[in-house]
Amino acid sequence: VTIHTIDKCKKCGEILKKSEEIEYEHRQVFDIPEIKIEVTEHRAEIKKCPCCGEVNKADFPPEVINIVQYGGRIKSLIVYLMYYQLLPYKRTHQAIHDIVNHSLCEGSLFNTNKSCYEKLKELLEEIKNEIIKSSVVNFDETGMNINGKKSWLHVASTPKLTYYRYHKKRGKEAMDEINILPQFTGIAIHDF
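In this report, we go over the structure that sits alongside the text.

Considerations on the side chain of Lys128
And then number 1: Among the structural elements, Lys128 can be located in helix H3 (residues 106-133).
And then number 2: Within the local environment of Lys128, its side chain forms a polar contact with the backbone oxygen of Ile178, the two atoms lying 2.7 Å apart.
And then number 3: Those residues within four positions of Lys128 in sequence are excluded, and the remaining contacts are Tyr163, Ile178, Asn179 and Ile180.

Topic: the sheet that holds strand E3 (residues 136-146)
And then number 1: Read from one edge to the other, the open sheet built from four strands follows the order E5-E4-E3-E6, with strand pairing classed as mixed. Sheet topology places strand E5 (162-167) and strand E6 (187-189) at the edges, where each strand pairs with a single neighbour. Pairs of neighbouring strands in the sheet enclose a mean axial angle of 25°, with direction left out of account.
And then number 2: Pairing geometry for E3 and strand E4 (residues 149-157), over nine bridges, is antiparallel. The residue bridging Met144 from the neighbouring strand is Ser151, located in E4.

A closer look at the packing of aromatic side chains
And then number 1: For the structure on display, the rule yields two aromatic pairs.
And then number 2: Centre to centre, the rings of Tyr80 and Tyr84 are 5.5 Å apart; their planes meet at 20°, and the pair counts as stacked. With Tyr80 and Tyr84 both in helix H1 (residues 72-84) and four residues apart, this pair spans about one turn of that helix.
And then number 3: On the basis of an interplanar angle of 65° and a centroid distance of 5.5 Å, the ring pair of Phe139 and Phe184 is categorised as edge-to-face. Remark: Phe184 occurs in the loop between helix H4 (172-178) and E6 and Phe139 occurs in strand E3; sequence separation between them is 45 residues.
And then number 4: For Phe139, a relative accessible area of 11% gives the class buried.
And then number 5: Exposure remark for Phe184: the relative accessible area of 10% places this residue in the buried category.
And then number 6: Here the guanidinium or amino end of Lys150 rests over the ring plane of Trp152, the centre of that ring lying 5.1 Å away.

Examining H1
And then number 1: End to end, H1 covers 17 Å across 13 residues, agreeing with the expected 18 Å (1.5 Å per residue, within 8%).
And then number 2: Listed in full, the buried residues belonging to H1 are Ile74, Ile78, Val79, Leu81 and Met82. Each buried residue of H1 sits inside an arc of 165° when the element is viewed along its axis, so together they form one side. What points out from H1, more than 90 degrees from its buried face, is the exposed set Arg73, Tyr83 and Tyr84.
And then number 3: Those residues of H1 that are buried lie in contact with helix H2 (89-100) and H3.
And then number 4: Phi turns positive one or two residues past the end of H1, at Leu86, with a value near 60°.

Observations regarding the pairing of E4
And then number 1: Hairpin remark: E3 followed by E4, antiparallel, with two residues in the connecting loop; positive phi at Asn147, about 55°.
And then number 2: As judged from the six bridges shared by E4 and E5, these two strands associate in the antiparallel manner. The partner of Trp152 across the bridge, within E5, is His167.
And then number 3: What sits between the antiparallel neighbours E4 and E5 is a turn of four residues.

Concerning a nonpolar patch on the surface
And then number 1: Among the surface-exposed residues, Tyr117, Leu120, Leu123 and Leu124 lie close enough to one another that they form a single nonpolar patch of about 330 Å² accessible area.
And then number 2: Position of Leu120 among the secondary structure elements: in helix H3.

Calculation rules
Residues numbered from 1 in each chain as written. Predicted model: local features only at pLDDT ≥ 70, side-chain atom pairs only at ≥ 80, totals over all residues. Heavy atoms only, no water. Helix = DSSP H or I, 4+ residues; strand = E, 2+ residues; numbered from the N terminus. Polar contact = N/O pair within 3.5 Å; in protein donor to acceptor, adjacent residues only side chain to side chain. Contact = heavy atoms within 4.5 Å. Pairing = 2+ DSSP bridges. Axes fitted to C-alpha atoms, helices over the stretch in contact; angles between N-to-C directions. Phe/Tyr/Trp six-rings, centres within 6.5 Å; stacked < 30°, edge-to-face > 60°. Buried < 20%, exposed > 50% of the residue type's maximum accessible area, 1.4 Å probe, protein only. Lys NZ or Arg CZ within 6 Å of the ring centre and 35° of its normal. Expected span 1.5 Å × (residues − 1). Arc of directions from axis to C-beta. Patch = residues over 30% accessible without salt bridge, like charges linked within 9 Å, V, L, I, M, F, W, Y side chains within 5 Å. Areas by Shrake-Rupley, 256 points an atom, 1.4 Å probe, with all protein chains shown as cover. Salt bridge = Lys/Arg side-chain N within 4 Å of Asp/Glu carboxyl O.

Function-wise, these values are silent; they only describe arrangement.
Below you can see the structure in the form of structure tokens.
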């Protein structure tokens, strides 16, 4: 809450500093706070036991594994920009710089994506297995260029689940390797 004071009468010029306000007129402004990088240093105490002489060190939180690393919020922003907003590496790098005035190297972007993939691997397998068990599934693929080469993004989906997988090929070889359609026994729908 920001109070805007009135110090003198707009009609006669009388000083109003000692007069009590009779009410307020309210206006609200919705905005986002300044977004900036915040560094938290974690320190693990090291103490020597006075009884036995053992040197003991406190544990770091499980997610703090490196001497210097990025935290969960900026990693979430990276994944959001790259996989929901579909920004490529250079534009994600530029967006992070524009938003928080901090430069990330492309290696950090890659490592963040890889880490996210590793954490989601089990969930992806669950999605894949649920799609295989479904009675009706839509299968499709769309062409895309990766490093100037034609590739394919394959999809298997139900109203509640979607599984994407990149492959260099379009046909049976890709479908066999993805291994959903070969196990599927329900009704397969394709736009063909």
